[in-house]
Amino acid sequence: MKKGATPRLAWLAPALLCAGAASAAPATDEAPRGTRVAAGIGYASVLQLAHQPRARDNGRMLLVFEPSAPGGIPLYESRDEGDHWRQVGEVVDQPHGDARRWQLRWQPHLSELARTSGDLPAGTLLLAANSTGRNEHDQVIAQDLQLYASRDGGQHWEYRGSIVQGGGQPSDRLNQGVWEPYIVVLDDGRMVAFYSSERHKQDGFNQLLAHKVSLDGGRTWGSETVDVALPGGVERPGMAIVERVPGRGYAMVFENIDGERNGQVHLKFSADGLDWGAPEDPGIALRTAAGAWPAACPSIRWLPGETADGVLLVAAQRAGGGGDAGGRTLYRSDSGGRGPWWEVEAPVRKASGNIHAGWTQAMLVRADGQLLHVTSSSVASAPERAESNEILQATAPLALGRYEAENAVRRRAAQIEDATASAGRKVRLASGADADLVFEVQAGRTGDRKIRLRHADTGFAATPRVQVNGQSLPSPPATAPRPGWRETEFTAPLRAGGNRIVVTNGDRPLDYDYLEIAPVAP
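Summary of the structure given here. No experiment lies behind these values; they were computed from the predicted model shown.

### Focus: the side chain of Lys-350
Here is step 1 of the chain: Its location among the elements puts Lys-350 in the loop between strand S23 (342–345) and strand S24 (362–365).
Here is step 2 of the chain: Asp-324 is the oppositely charged side chain nearest to the buried, salt-bridge-free Lys-350, at an N-O distance of 7.2 Å.
Here is step 3 of the chain: Polar contacts involving the side chain of Lys-350 include one to the main-chain carbonyl oxygen of Gly-326, which spans 2.6 Å.
Here is step 4 of the chain: Within the local environment of Lys-350, its side chain forms a polar contact with the backbone oxygen of Ala-357, the two atoms lying 3.4 Å apart.
Here is step 5 of the chain: Ignoring any residue separated from it by four or fewer positions in sequence, one finds Lys-350 in contact with Pro-32, Gln-317, Gly-326, Gly-327, Arg-328, Ala-357, Gly-358, Thr-375, Ser-376 and Ser-377.

### Looking at the sheet that holds strand S3 (residues 61–66)
Here is step 1 of the chain: One open sheet accounts for four strands, arranged S2-S3-S4-S5; its pairing is antiparallel. Unpaired on one side and paired on the other, strand S2 (42–48) and strand S5 (86–91) mark the two borders of the sheet. On average, each strand axis in the sheet is tilted by 25° relative to the strand beside it, whichever way the strands run.
Here is step 2 of the chain: Pairing between S3 and strand S4 (residues 73–78): four bridges, direction antiparallel. Across the sheet, Val-64 pairs through a bridge with Leu-75, a residue of S4.

### Description of the packing of aromatic side chains
Here is step 1 of the chain: The tally for this structure, following the rule as stated, stands at five aromatic pairs.
Here is step 2 of the chain: Arranged with centres 5.5 Å apart and planes meeting at 40°, the rings of Phe-65 and Tyr-76 form a pair that is tilted. Here Phe-65, found in strand S3, pairs with Tyr-76, found in strand S4; they are eleven residues apart in sequence, far enough to count as distant. For the pair formed by Phe-65 and Tyr-76, the shared burial category is buried.
Here is step 3 of the chain: Note on Phe-194 and Trp-276: the rings are 6.0 Å apart at their centroids and 80° apart in plane angle, and the pair reads as edge-to-face. Of this pair, Phe-194 sits in strand S11 (residues 191–197) while Trp-276 sits in the loop between strand S16 (264–270) and strand S17 (284–285), and the two are 82 residues apart along the sequence. Trp-276 carries the same exposure label as Phe-194, and that label is buried.
Here is step 4 of the chain: Grouping aromatic residues by their ring pairs yields a cluster made of Trp-342, Tyr-403 and Phe-439.

### Examining the environment of Ser-335
Here is step 1 of the chain: Examined against the element boundaries, Ser-335 turns out to sit in the loop between strand S22 (329–333) and S23.
Here is step 2 of the chain: Ignoring anything within four residues of it in the chain, the contact list for Ser-335 reads Asp-309 and Gln-442.

Procedures and definitions
Residues numbered from 1 in each chain as written. Predicted model: local features only at pLDDT ≥ 70, side-chain atom pairs only at ≥ 80, totals over all residues. Heavy atoms only, no water. Helix = DSSP H or I, 4+ residues; strand = E, 2+ residues; numbered from the N terminus. Buried < 20%, exposed > 50% of the residue type's maximum accessible area, 1.4 Å probe, protein only. Lys, Arg positive; Asp, Glu negative; His and termini not counted. Salt bridge = Lys/Arg side-chain N within 4 Å of Asp/Glu carboxyl O. Polar contact = N/O pair within 3.5 Å; in protein donor to acceptor, adjacent residues only side chain to side chain. Contact = heavy atoms within 4.5 Å. Pairing = 2+ DSSP bridges. Axes fitted to C-alpha atoms, helices over the stretch in contact; angles between N-to-C directions. Phe/Tyr/Trp six-rings, centres within 6.5 Å; stacked < 30°, edge-to-face > 60°.

In C-alpha cells:
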C-alpha cells in the first residue's frame, strides 16, 4: 500500500495508502477511450471460465472491482467476451456478521481452479479480498484478508478462511496493515496466497511481500514466507501480481513505493512459485532503453509471441522517465523480461486526476487474439473524486511488432508530445553522423522481413537512413498515408534472436513516430 492525500470519504482511507506520498496522477484534458461498465473506484479483476463441468459455461467472463459505495464486492458477467456486462451478484463479509463495522470491498482478486485443491473441485471460483473493520468514528482499525469459494459459477459463495489479519489505522506511521491478496494454485493443488504486509516495521521493513500456503483448499494457511523485503524502513514493495510463464515457472510484478524511482515496477521469477530468491533482491527494474519506466499498481500477463520467450505485458497506473505519465500505455518485453521494454498503446485510455484511476488493471486475451482491457478512469465532472470513478473496458489488437521511437536509445534527439503520434509522443532526431536512434529487437527466425518506419519532416525534405546489423539498406520512396506523417518501407534481413536497427538522417532533422516489423509470414 502507498500513502496519499486525505480522502473525502472515511471508507476510502486504506486504499489511498497505495499511491505514494508524491504520486498523485496528473490531471489530463484528454477524453477517456473505452466503454463504461459501471461506477467503480478501481482494482478490476477479470476471469474467463475454462474449467466448468458444463461445457456451455466455459467462455463466460466474470468481473469484480472495488465499488464506489459501501457494501460488498459487485460481481459482473459477460457472455460475449467482454463486449457487454451486467451485474449478477455481490459478495459480502460473512464471518464478522456486522455490516456496519465490517465490509468486504477492497482489493478483490477472482480466479478459477484448474484442478482440485483440498475438497474444492476443478472449476470452483475463488475470490480473495480485504475485509476491513471500523470503529465508531468510521475509521479503519483492522484488516482481514479473506478467501471465498463458489461451486456453482458465482451464484453462491462460501467463506473458506482468513489468510492473514492486520490492524491499525492506515494513516498511522506504525500501523500493522495487510493488503492486496492474490491467489495462485500450483500444479499439485497447493494454494498460495501472496499479500503485502506492514507487520514487520519493528524489523526495519516499511512494507514487504509475503505468501502463505494452504494444503486444504484455503481453509487453513501455513506460516508466512517473505518474498521481497527491502531493508532500511523506507521502501514499500507492494501489490504483487503473479503470472504463470511457460518455460520459466512464475513471474511476479510489484511496485516499489519510495524507492529510488518512486513506484517503479519490478519483476522477479520463481521456478516453483514458492522460492523467489533472496528477499532483499528487488529483481529486474522495468524500463525502456531510453529510460522510461512503469510505476504503481502493476498487472502482468504472458502472451505467446514470435520467440520462445513469448511476450510479457505489464500495465501500470502511471510512468516516469518520459513514459506516458497518465498510464495510457502498456509495457512489453520480447526477451523474457531481460529488457529492453517497449510501450504499446493500451486499449482503454483512462483519464487520470486521482490516484485510483488505473489502479490495478485487468488484461485478458480473447479467443480472437485481441486483448480485453478493463480499468478505472476519472470523470470530467469530478476528476479528483475517486468515488466518482468509472470502470471502463475496451478490446483491441496489440501492435506487438511496433517499437516506439521514444523508447529507443537515442543520441542528439528530443522527445516531443504529439497527439497525432502513436502513444502520444515522437522523437525529433538531429541531422549528422553523431545523431541516431537504436532499436534492439527480437526475431523468431532468420529471413527477410518488412520494416515500416513512420516519420515526418520538419519543414525540409529529408530521407531516413537505416542499418540492420551493420548493413545499410536502400531508401525507397516514402508514402503519405496520413497528413503530416510519411512511411518508408524497407525489406531487411533479420536473424533469429537479437537484431540491432540504427536509424539516422542526412543533412536535415526528422521526426520519428515508430518502427514496425511485419509479422512472420505463415
